[in-house]
Each structure stands twice: as C-alpha cells, then as structure tokens.
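Take a look at the letters that make up each chain.
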There are 2 protein chains.
Amino acid sequence: MNDFVRQLLTEWRRLNLPSEDETFVVAVSGGADSVSLALALDDLKKRKKLNLRFVVAHFNHNLRGAESEADENFVKDLAVKYDFELALGRGEISEKGNLEQAARAARYDFLTNIAENLHAHAVLTAHTINDQAETFLLNLIRGSGIEGLSGMKPVRNLDAEARGRGDAGINESDEDESISASPHPRASAPPILVRPLLNWAKRSDTEKFCHDGAIEFRYDSMNEDLAFRRVRIRRVLLPLLQDFNPKIIERLAATAALLRDEHDELERLSIQPLNEASKEELKTRDLTNLSPSMRRRILRAWLENRRGDLRRLDLKHLEAIESLIFSRKSGRFVELPDGETIVKTNGMLVFTERKVVKNPPRH
Amino acid sequence: MNDFVRQLLTEWRRLNLPSEDETFVVAVSGGADSVSLALALDDLKKRKKLNLRFVVAHFNHNLRGAESEADENFVKDLAVKYDFELALGRGEISEKGNLEQAARAARYDFLTNIAENLHAHAVLTAHTINDQAETFLLNLIRGSGIEGLSGMKPVRNLDAEARGRGDAGINESDEDESISASPHPRASAPPILVRPLLNWAKRSDTEKFCHDGAIEFRYDSMNEDLAFRRVRIRRVLLPLLQDFNPKIIERLAATAALLRDEHDELERLSIQPLNEASKEELKTRDLTNLSPSMRRRILRAWLENRRGDLRRLDLKHLEAIESLIFSRKSGRFVELPDGETIVKTNGMLVFTERKVVKNPPRH
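Keep in mind that this is a model prediction, so the values were computed, not measured.

Let us look at the overall build of chain A. Secondary structure summary: chain A contains 14 helices and 10 strands in total. Taken over 363 residues, chain A has a buried fraction of 55%. Partitioning the contacts of chain A with sequence separation of at least 6, the portion at a separation of at least 24 is 70%. Element-wise, carbon and sulfur atoms account for 48% of the exposed surface of chain A, whose accessible area totals about 16700 Å².

What follows is the structure, given as structure tokens:
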C-alpha cells in the first residue's frame, strides 16, 4: 500500500471514524490536497479497508471565469474516471466585504446541504498541516487569543463552520462545539466536519502522492495572488521562517495543537465560573477579582451569549472591555465591529445591540 | 515631565516598587534602552519622586576589543556626568557552546553579586516590548510550549535568571519563581530582577528619549551581525511582519502576556496533581489517563525535580517522552540533551543520570 494511503488509514482509525455503512462527502477543489484525499480514499475502498460511500462535492465560486469552469470540468472528469458520485454547486459571490470569507461561507453552506440531504456522517476536507501553520500565523499576526492560536480542529461541528465561526479571531476553535467522532451509526445526528490530513500530511506529501501516481491536479491562480494575506504568508513569510527552522511548518502546527490542549484544559477546569456568563449584565466588581485568564473567558462567553457568536471580534475588543471594567470614569463605552456597544453603568456591563436606522427596530 | 519619564513612574508604581530607602542596580550596556532607563530614573530622583540609591553596573564581556573598551568608557563618562555610583565587571567568555548564553550567564552572575553585596532591592534591566516580541518569535521558531511563548516577566527571581533558566525552551517563564514586588523593606530577601520598560516602552521610545534630550548612546556592532538569530529576527523577520501588521511588535508582546496569564491560570488550577511530580518514578498508566495539558505539566515538573532544571529541553523531548508513555514496545528510551535517559520499565518512567565515563561515578 502507498505510504500516503496507509497513513490516511491510520489517521482514519485514530479519529475513530466508521469503516462501513456510512456516507462521506469529500470536498474536492481540484488541487493536489483534495485530489489526493479523494483518490487515497478510493484506494482504501477498492482494497476493502473502508466500505463506505464517498460522494465528491465541488463548488464553483465563479470567481475566475474560464479557470473556474476548467476546475469544474476537471472534477467532473475525475468523478467519471474513478466512478465517484458527484455533487456540483455554483454561486455568485458579492464582492462586498471579505471575498475569501464570503466564498468560504457559500462553499460550506453547499457542503452542509449536500451532507444533510445524503444523511452523511461527515464532510471531509483536505486541510494539511501547511494550512494549519498558515492559519496559526494569520491569527498570530492579527492578534488572537489562545483559541485563535490553537487553529483548526481535525473533527468538529459542521454547522459552526458553515456559519463562518472558524474565522473569528478569538473564536477559531469554538470550544463548545468540539465533538468526538463516533464509529456508531448516528441516525439523526447532523453531519460533522472531519479533516483527515490535518494532523500529519504536508502539502509536499499530497503533491508527491499525485506525482508518484501520475495523477493530474489543478493549480489555483489565486494561490499565486500576493494580494491575499494567506498567499503572502505561504509564499513570503514561511520560506523566510524556514531559513530559521527547516521544520517550521511542523513546529507551528504542533504549537497550535499544543495550545489547543492547554485551551481545552482551561475550559474543562473553569466550567463553574462560566455560568456567570449567562447573565444579562455583568457586575464589574466580580470581574476585577478574577484572574485575567478567567475574566477573559467569562467575557468571551458572555459576548457570545449576547451577540449569538464571536465573529469579527479580536483581542483588541476584549482588551478595550477590560480597560472599561477597570476604568474609574463613568459613561465610557466600547464599540464592537457590528455596531453594538458595551457600556458601564452603575458598576454593570450592559450590552446594547446595534441601532438599525433604515429599518424598523428588531425584536 | 517628559512623557517617557512619566510613563516610567506610572509603571514603577504599578509594579509596586519602593520609592525610598532602597538600593537599585541599573544594568547599563550603553545602548539607547539602558541609557534611557538610567537617565529617566535619575530625572525622577532629582524631582524627588524616587528617593532611592541607583548604582549603574556595566559588564565588559571583552568580545569586541576596542569597541568593548569604548562602551565601558562611555558608561564611565555617563556615571561621572550624572553622578551615578558605578560598578564595573569584566569577563572572558569561552567561545565554546552558545556565545550569547555564556555572555548572558556571566553578566547576570556579575549583576547578582553586585546586588547582593549592596543589599539591593533589585537589579533593573532595560528590556523593551521589542525584546519581548523578539523572544516570543525566537521561542516560537525553536518550538516552545506555552511557558516559552509567554516570554519574559516584568518581575522575577534574579537567582533563576543568573542560572540561565530564562533561556530554556520549555521553561522561559519558570513558573515557580514568579514573585511580586513589595514596597516594604525586605531585610534579608535576595534581590529580584525588574524590567520596568518591558510592559510599555518600544525601542523607538528610548531612541526618541535620547534624541529629544540630546543624549548620546552607543551602538552595539553585534546588533548588526546577522549571524545571530535574534539580530535576523529584528532586522529581517520583524520588518516583514510589519508589512502584515504595523503594530506587530505590540501584538506579539501582548500575545506573550496573554499566554502568560493562561499559563499562570493553569498552574493555579493544577496544584494538586503536580504533587505527583515529586515522586522518584512515574507510573505510565496514571499519565495516560490525564489530559495532554496536565500530563505535560506533570512531566515538566518531574523532569525539573530529577534534573534540577529544565535547561536545553525543548518541546520535542516532551513529545518523545509522551510517545514512550503510550508505546506498547518495551525497552524503549528517550535521551535528553545532557545525556540523561528516560526508560520505561514495568510500566514506570525511570530517570537515569548521565553516565560519566572519564571521571569516577558521581554519588
């Protein structure tokens, strides 16, 4: 058995994923990572190691005209050649706001729908340790807390991903949605998201797998566009870091995994105080007596309760709220990215939703 | 009052440092950071904000010939001009091993001796948030745990620093030596190490302070030598990171401070299980049942008990010991940097000191 295929099977078992009677949706862009994942799974199926139904899913964002069409056709041909069932999606992304985030949200919506319709066990994505290292650096540069630095999880709730929560700076690992894969059929359980390459495969491993098997794959021209921060990190920053440490990709991914463990431990040890966060308003005096770590943990949980999620919140917002808590001046407030405000009144932190001017007030 | 001086006084009070009847040793290399610190303290003394005895201490490592002499003469002149008491030290560094670490150890030995002889309250060093950001990146690139990433502390035990523990990858913040400054006289207490610029001053602030006051300072030619990792980080890596985020220095220092808080919280919450680490040998079955975070915390404490310190241990050693714990094969062992071994025998982890071949066995 090919080394890449064998390692994938080892990880499949380590993650406790089922080996029969289930459906998996494999997200395939056409790049080396996702093509390797799909074909290695196909190999394991043909060897009767995994008796599973694999459905290849491709989403055409329509962002690159003829190139997007060619990607779609490439995945169609791949499905025919290897006898995969195929699900295709298409979307027009409005270019307002963050293009990458919008494209990502549309793609995950599509994948979630397909998986739900097929009663699939999971959506599989081909994120590698390179992606993990890049995500770590993106969050480090932006200024994330320990969750942001703990990067992507190998197994997680798909719903949270579809809502784009994986991109929130202080919320990358969305602690409360961590779940374990189960080998037992989960009749009505929603599909999960699994990244079976994340813990062990480098991008060079997937390229080697394709090369060794004379397997074609597509290059995404966006991966060359230095206008994207992630591309600059991959093309400029990481090569420089490799001059310092040739194993930097593995190191950064290991650091992310390590911080995730530390973060999980903190969550486990601080369940009681977190109940505080369900309150409507927080008493600032209670917060000043806590350790900084616990104070921020409660603030995050409280903000998530009030806002519904932690999107677009960075460490600087938490720091501003902490200043507010310790400030002796009254009438000060902190503005959050979606226009909500946190005001300190009579020793209480009060959350106020954004005032909607053009539309009637929401209730 | 000059802005820099005012901020130093604010930090002095925030750190709860005494303002009268005590002696402080100010480590002055002659660079902008330490010259600014010494002269700002002198200004506060002249304004009667601090009624303290400040002794300038300079250590000549003799590494750069005439340049080292010129640095020493510069600090001598500075002491005369501003009426500082002066302590001078000189050392020959053997160039075996890590030059920077050896120079640092000799310097801290000198500073500790001076401080002890003067019954000083503390040694003051002029580390800035730039130094903190650089330390964070050095440890990130090397592969450190959460302690290494949590960087330097503004107040700590001087003895630990003199022993060079501040350089150990998994031990940068040496948790058990964290102490609080006290404004009360500490008759027989050993001197502490305080970094009164670390939390707020950038290198550009100290350069501006010198420039505004027409104060001369020395450039260290080693700061231009790209053979040193720290210099490459300062001159090559950080400017690139600034293209991503102009506030990257502040961000990295804030991340280090944040991870220190998380780490302190973990230590606080896990005092009970750490008693395990005082045992001679560790039962591997007990360790497999723990969270990864707790397991590594106990392993670190155990290794520190067995070895005396955690010098030269990196994350990769801890990872190897973890593999050993979970391995089903018997007779495997892990070798540590100083030649000690960890063997798994009958379900126990056993620490064996380095075998000394040329000299008689140690007992």
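What holds strands together in a sheet is hydrogen bonding between their backbones, with the strands either parallel or antiparallel. All names here are of chain A. The six strands are arranged E3-E2-E1-E4-E6-E5 in an open sheet whose pairing can be described as mixed. Where the open sheet ends on each side, the last strands, each with one partner, are strand E3 (85-90) and strand E5 (155-157). Strand-to-strand twist of the sheet, defined as the mean angle between neighbouring strand axes without regard to direction, takes the value 30 degrees. In the sheet, strand E1 (residues 20-27) pairs with strand E2 (residues 51-60) via six bridges, with the strands oriented parallel. In the strand pairing of E2, threonine 23 is matched with arginine 53.

Another aspect to go through is the relation of the copies chain A and chain B. With an RMSD of 0.1 Å, the fit of chain A onto chain B corresponds to turning through 180 degrees and sliding 0.1 Å along the axis. What the rotation and shift describe, once combined, is the action of a two-fold rotation axis. When the interface residues of chain A are mapped onto chain B, 100% of them again fall at the interface, so both copies present the same face.

Residue and element names in this part refer to chain A. Between its terminal C-alpha atoms helix H1 (residues 3-14) stretches 16 Å, which fits the 16 Å expected from 12 residues at 1.5 Å a residue. Taken together, the buried positions of H1 are Phe4, Val5, Leu8, Leu9, Glu11 and Trp12. Each buried residue of H1 lies within a common arc of 165 degrees when the element is viewed along its axis, so the set occupies one face. Opposite the buried face of H1, by more than 90 degrees, sit the exposed residues Arg13 and Arg14. For H1, the elements touching its buried residues are E1, helix H2 (32-46), E2, strand E4 (122-124) and helix H8 (203-212). Directly beyond the C-terminal end of H1, a positive phi value near 65 degrees is found at asparagine 16.

With that settled, the discussion passes to the interface of chain A and chain B. Contacts between chain A and chain B engage 40 residues on the former and 40 residues on the latter. When chain A packs against chain B, the two sides together hide about 3500 Å² of surface, and 67% of this comes from carbon and sulfur. The interface formed by chain A and chain B includes six salt bridges. One salt bridge in this structure joins glutamate 319 of chain A and arginine 251 of chain B, with 3.1 Å as the shortest N-O distance. Put simply, chain A and chain B have 10 residue pairs in polar contact (both at pLDDT 80 or more) between them. The biggest single contributor to the side of chain A that touches chain B is helix H10 (residues 248-269) of chain A, with 13 residues. For the side of chain A that touches chain B, a count of residues per class yields 21 nonpolar, seven polar and 12 charged.

It is worth spelling out the packing of helix H13 (residues 292-307) of chain B against helix H14 (residues 315-326) of chain B at this point. Residue and element names in this part refer to chain B. Two numbers describe how H13 lies on H14: the axes approach to 11 Å, and their chain directions differ by 110 degrees. Classified by the angle their axes make, H13 and H14 are roughly perpendicular. Contact residues: H13 offers Arg295, Arg296, Leu299, Arg300 and Leu303, while H14 offers Leu318, Ile321, Glu322, Ile325 and Phe326. Of the residues assigned to the contact of H13 with H14, the class counts are six nonpolar, no polar and four charged.

Residues and elements named next belong to chain B. Here the structure, examined in full by the defined rule, presents 14 aromatic pairs over all chains. Taking the centre distance of 6.3 Å and the plane angle of 80 degrees together, the rings of tryptophan 12 and phenylalanine 54 count as edge-to-face. Of this pair, tryptophan 12 sits in helix H1 (residues 3-14) while phenylalanine 54 sits in strand E2 (residues 51-60), and the two are 42 residues apart along the sequence. Each of the two residues, tryptophan 12 as well as phenylalanine 54, counts as buried. Where phenylalanine 59 meets phenylalanine 110, the ring centres are 5.3 Å apart and the plane angle is 40 degrees; that geometry is what we call tilted. Linking phenylalanine 59 in strand E2 with phenylalanine 110 in helix H4 (residues 99-117), this pair joins segments that are 51 residues apart in sequence.

We now examine the pairing of strand E10 (residues 348-352) of chain B. All names here are of chain B. Side chains Leu349 and Phe351 project from E10 onto a buried face, and the interleaved Met348, Val350 and Thr352 project onto a face without burial. Alignment of strand E7 (residues 282-283) against E10, held across two bridges, turns out to be antiparallel. Paired with leucine 282 across the strands is leucine 349, a residue of E10. Bridge count for strand E9 (residues 341-345) against E10 is five bridges, and the pairing is antiparallel.

This brings us to the pattern of salt bridges. Under the criterion given, the structure shown has 54 salt bridges over all chains. For the salt bridge of glutamate 134 of chain B with arginine 230 of chain B, the shortest nitrogen-to-oxygen distance reads 3.4 Å. On the criterion of sequence distance, the pair formed by glutamate 134 of chain B in helix H5 (residues 129-142) and arginine 230 of chain B in helix H9 (residues 229-244) is long-range, its members being 96 residues apart. Glutamate 134 of chain B is the salt-bridge partner of arginine 234 of chain B, the closest N and O atoms lying 2.9 Å from each other. Within this pair, whereas arginine 234 of chain B is found in helix H9, its partner glutamate 134 of chain B is found in helix H5, the two being separated by 100 residues in sequence. Residue arginine 234 of chain B shares its accessibility class with glutamate 134 of chain B, and that shared class is buried. One salt-bridge network, in which partners are shared between bridges, spans Asp33, Asp131, Glu134, Arg203, Arg230 and Arg234 of chain A.

Scoring rules and cut-offs
- Residues numbered from 1 in each chain as written.
- Chains lettered and ligands numbered in written order.
- Predicted model: local features only at pLDDT ≥ 70, side-chain atom pairs only at ≥ 80, totals over all residues.
- Heavy atoms only, no water.
- Helix = DSSP H or I, 4+ residues; strand = E, 2+ residues; numbered from the N terminus.
- Buried < 20%, exposed > 50% of the residue type's maximum accessible area, 1.4 Å probe, protein only.
- Contact = heavy atoms within 4.5 Å.
- Areas by Shrake-Rupley, 256 points an atom, 1.4 Å probe, with all protein chains shown as cover.
- Pairing = 2+ DSSP bridges.
- Axes fitted to C-alpha atoms, helices over the stretch in contact; angles between N-to-C directions.
- Least-squares fit on C-alpha atoms with pLDDT ≥ 70 in both.
- Expected span 1.5 Å × (residues − 1).
- Arc of directions from axis to C-beta.
- Buried area = accessible area lost by both parts, 1.4 Å probe.
- Salt bridge = Lys/Arg side-chain N within 4 Å of Asp/Glu carboxyl O.
- Polar contact = N/O pair within 3.5 Å; in protein donor to acceptor, adjacent residues only side chain to side chain.
- Nonpolar A, V, L, I, M, F, W, Y, C, P; charged D, E, K, R; others polar.
- Parallel < 35°, antiparallel > 145°, perpendicular 65-115°, else oblique.
- Phe/Tyr/Trp six-rings, centres within 6.5 Å; stacked < 30°, edge-to-face > 60°.

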